[in-house]
Structure formats: structure tokens, C-alpha cells
Amino acid sequence: MSDEEFCEEESVSNTSKKGDGNFRKARGEAKKGELDEQLKEYINEWRKQRAKEEEELKRLKEKQAKRKEIRAEQEKKLAQQKKEEEERLRKEEAEKKAKEAEEKRKRLEEAEKKRQEMMKAQKEKQTAAGPGKGGAKKADSGMGNVQDARREMTKTKEQLEEEKKISLSIRIKPLELDGMDSDGLKAKASELWEVIVKLETEKYDLEERQKRQDYDLKELKERQRQQNKQKAIKLGLDPEALTGKYPPKIRMYSKYERRTDTRTYDDRRKLYEGGWDVLCAELLEKTWKEKMDDWTKRPKTKLPKWFGERPGKKAGEPESPDDEDEGPAEAPAGAEEEEEEEEEEEEE
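Residues numbered from 1 in each chain as written. Predicted model: local features only at pLDDT ≥ 70, side-chain atom pairs only at ≥ 80, totals over all residues. Heavy atoms only, no water.

**Re the overall build of the protein**
1) Next: Counting secondary structure elements, the protein contains nine helices and two strands.
2) Next: Every one of the 348 residues in the protein was classed for burial, and the buried ones make up 7%.
3) Next: The contacts in the protein between residues at least 6 apart in sequence include a share of 44% that link residues at least 24 apart.
4) Next: Counting every atom, the protein has about 32,300 Å² of accessible surface; 53% of that belongs to carbon and sulfur. (Helix = DSSP H or I, 4+ residues; strand = E, 2+ residues; numbered from the N terminus. Buried < 20%, exposed > 50% of the residue type's maximum accessible area, 1.4 Å probe, protein only. Contact = heavy atoms within 4.5 Å. Areas by Shrake-Rupley, 256 points an atom, 1.4 Å probe, with all protein chains shown as cover.)

Following this line, the structure appears as C-alpha cells:
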């Protein structure tokens, strides 16, 4: 290849390279422009979506604020209605209680008036009948006193205070001393003196009645206590077991055996008061008696003669028969040794 051809080819390659570079550059710019346009479209679309979301959020916040205002107004109305309802119920309850208290006061006033009239009539009858019959009637009215005491004990402190106020309002009348002369004042003073005497008499009667009731209650409690004692003794318990506040515990025969103890109180007391020593002494006494009976019932044998005389024979005693002498002579040696040991034990 010549130099001219080489130069031509090189120039052709350079021009082709330049054309490729320009083409690539133009193509890259075109792609970049398309991407910029797409990005602008995306940004615009996002801004529109964001604006819509902000408008929706703003609308929801306004709606929420309106709902809160409406709810606050409704709660305020409900609280006002509830307050009015409670106030109305309170007023109705107070009116009802006041009405019941007034009715009760009137009823107690009527009962107090009837009681005073009945007591007055009873006193007039007693004064007309004489002192002897009145005492007999008082002696017979013990059960009535107990019933009255029970009725009084069932009342509460509020009821007693209310009855006391009503009774005092009926009994204590206002003093009208205005416009009275000396004679009127004297008559009023004498009337008050009679009222004081009557009240002191009633006070004394009530005190005596209370003393009698206290004595009756004390006597009944003592009777109940004695009955519980007898019942406990029959059941084999401590006499004071049923007189306490709580029932007695179930006594078991032993903590190792699930069996109820049927022994009486005296048996357990003797056992804990040295009963084991007594039982041991009785057992030893019994065994000693058995051994003593066996010893007294043993077969007795006489000792053989020694050089014509029986050992242990005293002077002046008659000779033993020959048939009795033969028996011990024929006794075995083992029996003689046992007899000697028994004699040694007796001597010791």
C-alpha cells in the first residue's frame, strides 16, 4: 500500500469518528431533553396531587373542628339536663322525706297522746282499786316488761331521738305568764310542782322496771350457762366448752388416727394428771400378784435326810412317815438343784 492510500484511509476514519461523536452527542441531548420533560411532568403531577391532598386535609380538619364544636355543645346540653334531672330528683326526695317525717311525727304524736290517756286511765283505776291490787298487778306484768324491752331494743338511735323529741314537745307546754297576777302565778307554780312530782314518780318506776329487766336477763343468761354446762358434760367435753363465744373444737383420739375421742373429761384429766404413772404401777402390781400366785401354787418337796436326820428339822418335831421320805429321795438331781436355787432366792 502506498502512502497516498494510507493517508486517504486515515482521513476517512477520522471523519467517520467525528460523525459518530456528533451523533452520539445529539442522541444524548435528545434523551436528556425527554427525561427533563418527563421529570417536569412528574413534578407538576405531584404538585397537583399534593395540592389536592392539602385541600382534602384542610377540609377534614374543618369538619373535625365543626364536629368538636357540635359535640361540646351536645355534652354541655346533656350535662345541663343531667344536672336539672338530679336537682329535680333531689327536690322530690327531700319533699318525700319531709312528707314521711311529717306523717311519722303526726303518727307518733297520736300514739303518744293515746299512751298518755291510757296511762292516765290506768293510774285512775289503780288509785280507785287501792294499793294492794296494784302491787299484785305489777307482780304479774313481768312478761309484758320483757316484751316491751325487746321492742325498745329493736329501735335505732335515730328513732329513739325522734320519739324523745316528739314526746317532749307534747309534754312540755309553753308557759304563758304574761298578764298573770299573783294568784295565777301561784296556781301555775303548784301545777308545775305536781307535774315534777308525777315525772319523778314515773322516772322511779322506769328505773325499777329497768332493774327488774336487768335481773331477768341476768337470770336467763345464768340458766342458759348452766344448761350448756350440763350439755357439755354429757358430751364428754369441758364444762366451759359450750359457754364461750365459739363452739368447741372436735377432739381427736390421736393426731395420728382420724378417730373422734370418746373418753370423758374425767378420764382425760386423770390421764394428764400422772395417769401414766398410775397405769404403770397398776401393771407392775398385777404382774407381781401373778408371779406370787404362781410361786404359792408351786409343788413343795422336802429335802432328803442327811445322816438319818432331815435338814431344817427342829427339836421335838415328830418323824415324817416313810412314804413321804421315799418321794424326795427319788427326786431327780435337777429338781433338787432348782429347789436349792429357789430357797437361795427366798433367803436373799
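**Topic: the pattern of salt bridges**
1) Next: Inspection of the entire model under this criterion finds 10 salt bridges.
2) Next: Notably, a salt bridge pairs arginine 90 with glutamate 87, separated by 2.7 Å at the nearest N-O pair. Linking arginine 90 with glutamate 87, this pair stays in helix H1 (residues 3-129), spanning three residues, or about one helical turn.
3) Next: Look at arginine 90 and you get partly exposed, because its relative accessible area is 48%.
4) Next: Each of Glu222, Arg225, Lys229 and Glu240 takes part in salt bridges that share partners, so that together they form one network. (Salt bridge = Lys/Arg side-chain N within 4 Å of Asp/Glu carboxyl O.)

**Here we look at the packing of aromatic side chains**
1) Next: On inspection of all chains with the given rule, the structure shows zero aromatic pairs.
2) Next: Lying across the ring of tryptophan 295, arginine 298 places its NZ or CZ 3.5 Å from the centre. (Phe/Tyr/Trp six-rings, centres within 6.5 Å; stacked < 30°, edge-to-face > 60°. Lys NZ or Arg CZ within 6 Å of the ring centre and 35° of its normal.)

**Points about a positive patch on the surface**
1) Next: A grouping of Lys63, Arg67, Lys68 and Arg71 is seen on the molecular surface, where their side chains present a positively charged patch.
2) Next: Following the sequence through the fold, lysine 68 ends up in helix H1. (Patch = residues over 30% accessible without salt bridge, like charges linked within 9 Å, V, L, I, M, F, W, Y side chains within 5 Å. Lys, Arg positive; Asp, Glu negative; His and termini not counted. Charge placed at Lys NZ, Arg CZ, Asp CG, Glu CD.)

**Quick word on a nonpolar patch on the surface**
1) Next: A contiguous nonpolar patch, built from Leu175, Leu177, Met180, Leu185 and Leu192 and spanning about 410 Å² of accessible area, is present on the exposed surface.
2) Next: Note on placement: leucine 177 falls in the loop between helix H4 (157-171) and helix H5 (182-234).

**Here we look at the confidence of the model for the protein**
1) Next: Chain-level pLDDT for the protein is 78 on average; 74% of the residues reach the 70-or-more range.
2) Next: Contacts from residues 132-141, a stretch scored under 50 in pLDDT, to residues over four places away or in other chains number two contacts.
3) Next: Segment residues 322-335: pLDDT under 50, and eight contacts once partners within four positions in sequence are set aside and those in other chains are kept. (pLDDT = per-residue confidence, 0-100.)

**Here's the deal with the side chain of lysine 229**
1) Next: Tracing the backbone shows lysine 229 in helix H5.
2) Next: Within the structure, lysine 229 has its side chain in polar contact with the side chain of glutamate 240 (distance 3.1 Å).
3) Next: Dropping the residues within four chain positions of it, lysine 229 is found in contact with Pro239, Glu240 and Thr243. (Polar contact = N/O pair within 3.5 Å; in protein donor to acceptor, adjacent residues only side chain to side chain.)

**What about H5?**
1) Next: Helix length check: H5 (53 residues) gives 78 Å between terminal C-alpha atoms against 78 Å at 1.5 Å per residue, within 8%.
2) Next: Buried within H5 we find Lys188, Glu202, Gln213, Lys229 and Ala232.
3) Next: A positive backbone phi angle near 80° is found at glycine 236, which sits one or two residues after H5. (Expected span 1.5 Å × (residues − 1).)

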